[in-house]
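# Structural characterization, general
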Amino acid sequence: MGTILFYIFESTLCLTILYFLFRLFFRKDTLFRTNRFLLLAGTMACTLLPLLQIDVPQYTTLQLPITTVRHLLTEKEIDVQREGGTGEKHLSEEARLLMAEKGEGIEGDRTNVIHTISVIWLLGGCYFIGALIVLAFLLLSTIRMRRLIRSYPACNYGKYKLVICPEKIVSFSWGHTIVLSQEDYERNPGEILLHEQMHLQHRHTLDLLWMECIVIFHWFNPAAWLLMRELREVHEYEADNGVINNGIDATEYQLLLVKKSVGARLYSMACGFNHSKLKNRITMMLKRRTNNWARLKLLLFVPVAAGTLYAFARPEVKKTVGQAINASASVKQNSVQESELQQLEAFFTRKANDAMGGKKEYRPEKPMRTCSFFVNMNNKMMLDQELIKEYDVETLSSRFTNLLMKSYKEAVKKDENLLLVLSVIYDRGSSSTAITSYLRTIKEAYLQVRGEISGELGGVSEARLDSLLPIFVSFGEPKIYSSKYKTASDIFLPIEVSLYPKGGTSSVIKNPSLQELELKLKDYRTVANSDGLSVGLKFDKDVTMGIVEDVKEVIRTTLSHK
């Protein structure tokens, strides 16, 4: 349900943008066919754009509002669906800090999630009820119209059918049928028939059917109703233009419109010819033709569509595990491309080794500046005890840059190398996309500060920079803040495991559970021989870090077992 509502939300934004652009730049043009195409193609694009998915390296400020709505509507629902097991809840001190900032505990967070899901389903129910009501009114109107058409005999009028109705109705056309009132047929048959014939020639019925579908799905959106009104007006302009181009005197035709508008007031209300619409139609007839070069304004939609797609984009999450099993399984460690997350972890591991001189433990004699970086299940961050909201990489970059510069200046002031120790801990329920984005931001900030230091000193070697700004980044085990982020063994996971044996045929395991993955890996190891076996792992977008760790652990333990 949340996914459907989020799609409706995105398409609603697109329709609103389309209406304002049409209103500002195209409404007063006399290029009726172009405007009609714009409204039809634009509304179709508004339904398709949210379905397109592009990948970007990381979140930006433009994407943050869309991301927030996506999280509220979809990710909470996914969290509940993934919940499995009733194991003991573990709450670390770091998690308590994050929860304290948020003002709630674990049980409170679980309650909020369930409450959010209830609200989502309530909104979904209201939406579908509204859509059904609009659909019912449309069907009722169609039935009444069909009943009216079938109540009176029809005669052939060229390739169309003509129905003369003795009742006092508004003349109209639909499909291949023209319906005229007896009064219109006796007094002004030529102009009105030609006008309705123009509607049928341009197939305006199909346009209205399409817009009715848009209104049904977007009944709550004023932009959808306004776009339909704009299209109806374009239809009238196009039909009026066709009447005049067929030799009807423009002045007499305009007088006819005025007569029908200011005649019987009740008939005017039923007809829908109010003075504003009549004025617009006459103005369009008298207006100087818009230059064809005005069609170039359509190019305006290219950057608008690109910006909209970018706002809807999500970071690319294609995880490839290059070293999922240990050396005892005879795995070629360089045969599978590492994921960005692994590359970032490897980068900081190398820097840690350089800072510690290859040792695996801290040297007490070396001055240290320790700080921590936590990420909770909602992807909020805490750097050095300061909270940062989810996906706010700009703030993270600024604060970490200041932290590095402060550490460097303290070391220069004391004339000693100050080791910065950064402890990275994240929740099993945090998003792999978020973790990758945060580590990338930390790395970029670190390299930026190194570049600034090198510039101040007039250029120094990499080894000298490592000594001036030593950093030790340690990665703790993912914390379990809530039992719902423990991956159950029988849940189907959004993963794809590819096995590449040396000299053999590759195999792909799609969407297995942990139990199924373990069994298939054992069977494959028996048949294919694990010597020289490489493993590739691909995850869906925003998979939790708990699933990443569990899958890697199954692969590691299964293929390393002799």
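What counts and what doesn't
- Residues numbered from 1 in each chain as written.
- Predicted model: local features only at pLDDT ≥ 70, side-chain atom pairs only at ≥ 80, totals over all residues.
- Heavy atoms only, no water.
- Helix = DSSP H or I, 4+ residues; strand = E, 2+ residues; numbered from the N terminus.
- Buried < 20%, exposed > 50% of the residue type's maximum accessible area, 1.4 Å probe, protein only.
- pLDDT = per-residue confidence, 0-100.
- Contact = heavy atoms within 4.5 Å.
- Axes fitted to C-alpha atoms, helices over the stretch in contact; angles between N-to-C directions.
- Parallel < 35°, antiparallel > 145°, perpendicular 65-115°, else oblique.
- Left-handed = near helix turned anticlockwise from the far one by under 90°.
- Nonpolar A, V, L, I, M, F, W, Y, C, P; charged D, E, K, R; others polar.
- Core = buried A, V, L, I, M, F, W, Y, C linked by side-chain atoms within 4.5 Å.
- Pairing = 2+ DSSP bridges.
- Expected span 1.5 Å × (residues − 1).
- Polar contact = N/O pair within 3.5 Å; in protein donor to acceptor, adjacent residues only side chain to side chain.
- Patch = residues over 30% accessible without salt bridge, like charges linked within 9 Å, V, L, I, M, F, W, Y side chains within 5 Å.
- Areas by Shrake-Rupley, 256 points an atom, 1.4 Å probe, with all protein chains shown as cover.
- Salt bridge = Lys/Arg side-chain N within 4 Å of Asp/Glu carboxyl O.

Peptide bonds are mostly trans, and most non-glycine residues show a negative phi. One non-glycine residue, Asn 379, lies in positive phi territory at about 70 degrees. Within the secondary structure layout, Asn 379 lies in the loop between strand S7 (368–375) and strand S8 (381–383). For Asn 379, a relative accessible area of 2% puts it in the buried group.

The predicted structure's coordinates, where accompanied by low pLDDT, should not be read in detail. When pLDDT is averaged across the protein chain, the result is 76; 77% of the residues are at 70 or more. Between the elements of the protein chain, mean pLDDT differs from a low of 34, seen in helix H11 (residues 265–271), to a high of 93, seen in helix H2 (residues 32–48). Counting contacts from residues 77–109, a segment whose pLDDT is below 50, to residues more than four positions away or on other chains yields 68 contacts. When the criterion is pLDDT under 50, residues 316–337 qualifies, and its contacts beyond four places in sequence or with other chains add up to 66 contacts.

Between two packed helices, the angle of one axis relative to the other and the distance separating the axes together describe the packing. Look at helix H15 (residues 393–414) against helix H16 (residues 432–456): their axes get within 9 Å of each other, and the N-to-C directions meet at 40 degrees. Classified by the angle their axes make, H15 and H16 are oblique. You can see that H15 and H16 cross each other, and the crossing is right-handed. Between H15, through Val 393, Leu 396, Ser 397, Phe 400, Thr 401, Leu 404, Met 405 and Tyr 408, and H16, the contact on the second element is made entirely by Ser 437, Tyr 438, Thr 441, Ile 442, Ala 445, Tyr 446, Gln 448, Val 449, Glu 452, Ile 453 and Glu 456. In terms of residue class, the contact of H15 with H16 is made up of 12 nonpolar, 5 polar and 2 charged.

The subject of this paragraph is the nonpolar core. Ranked by size, the top nonpolar core spans 57 residues in total, and within it Phe 373, Phe 400 and Val 551 carry the most contacts. When residues of this core are assigned to their parent elements, the largest contribution, 9 residues, is made by H16. Counting 36 residues, the second largest nonpolar core, distinct from the first, contains Leu 38, Leu 49, Leu 73 and Val 215.

Glancing now at the sheet that holds strand S10 (residues 419–426). Across the sheet, which stays open at both edges, the 5 strands sit in the order S9-S8-S7-S10-S11 with mixed pairing between neighbours. Both edges of this open sheet fall to strand S9 (386–388) and strand S11 (471–475), since each of them pairs with a single strand only. Each adjacent strand pair in this sheet contributes to an overall mean axis angle of 20 degrees, direction not counted. The strands touched by H15 within the sheet are S7, S8, S9, S10 and S11, with S9 carrying the most contacts at an inclination of about 150 degrees.

Bringing the environment of Glu 340 into the picture now. Relative to the assigned elements, Glu 340 resides in helix H14 (residues 340–355). Sequence-distant contacts of Glu 340, defined by excluding residues within four places in its chain, comprise Thr 436 and Arg 440.

Here we come to helix H9 (residues 222–245). The end-to-end C-alpha distance of H9, which contains 24 residues, comes to 35 Å, matching closely the 34 Å that a straight helix rising 1.5 Å per residue would cover. Sitting at the amino-terminal end of H9 is Asn 221, which places a side-chain oxygen 3.1 Å from the backbone nitrogen of Ala 223.

We now examine a nonpolar patch on the surface. Among the surface-exposed residues, Leu 132, Leu 135, Leu 139 and Ile 143 lie close enough to one another that they form a single nonpolar patch of about 360 Å² accessible area. Locating Leu 139 in the fold gives a position in helix H5 (residues 106–150).

Ordered by their spatial adjacency, 3 strands build an open sheet running S13-S12-S14, and the pairing between neighbours is antiparallel. Two strands bound the open sheet, and with one partner strand each, they are strand S13 (507–510) and strand S14 (534–539). Taken pair by pair, the neighbouring strands of this sheet meet at an average axis angle of 15 degrees, ignoring direction. When strand S12 (residues 495–500) meets S13, the two strands line up antiparallel, connected through 4 bridges. Counterpart to Val 497 in the pairing with S13 is Ile 509. In this fold helix H19 (residues 545–560) packs onto S12 and S14, with an angle of close to 165 degrees to the strand it touches most, S14.

This part covers the pattern of salt bridges. Following the criterion strictly, the structure yields 11 salt bridges and no others. With its nearest N and O atoms 2.9 Å apart, the salt bridge here joins Glu 230 to Arg 27. Of this pair, Glu 230 sits in helix H9 while Arg 27 is found in the loop between helix H1 (2–25) and H2, placing the two residues 203 residues apart along the sequence. As a salt-bridge pair, Arg 369 and Asp 384 come within 3.1 Å of each other at their nearest N and O atoms. Of this pair, Arg 369 sits in strand S7 while Asp 384 sits in the loop between S8 and S9; the two residues are 15 residues apart in sequence, bridging distant segments of the chain. Salt bridges sharing common partners tie together Arg 23, Arg 27, Glu 230 and Glu 233.

H9 packs onto H1 with a crossing angle of 40 degrees between their chain directions and a minimal axis gap of 9 Å. Between H1 and H9, the angle is such that the two are oblique. When the axes of H1 and H9 are compared, the crossing they make is left-handed. Judged by residue contacts, Leu 15, Thr 16, Leu 18, Tyr 19, Phe 22 and Arg 23 of H1 engage Ala 223, Ala 224, Leu 226, Leu 227, Arg 229, Glu 230 and Val 234 from H9. By residue class, the composition of the contact of H1 with H9 is 9 nonpolar, 1 polar and 3 charged.

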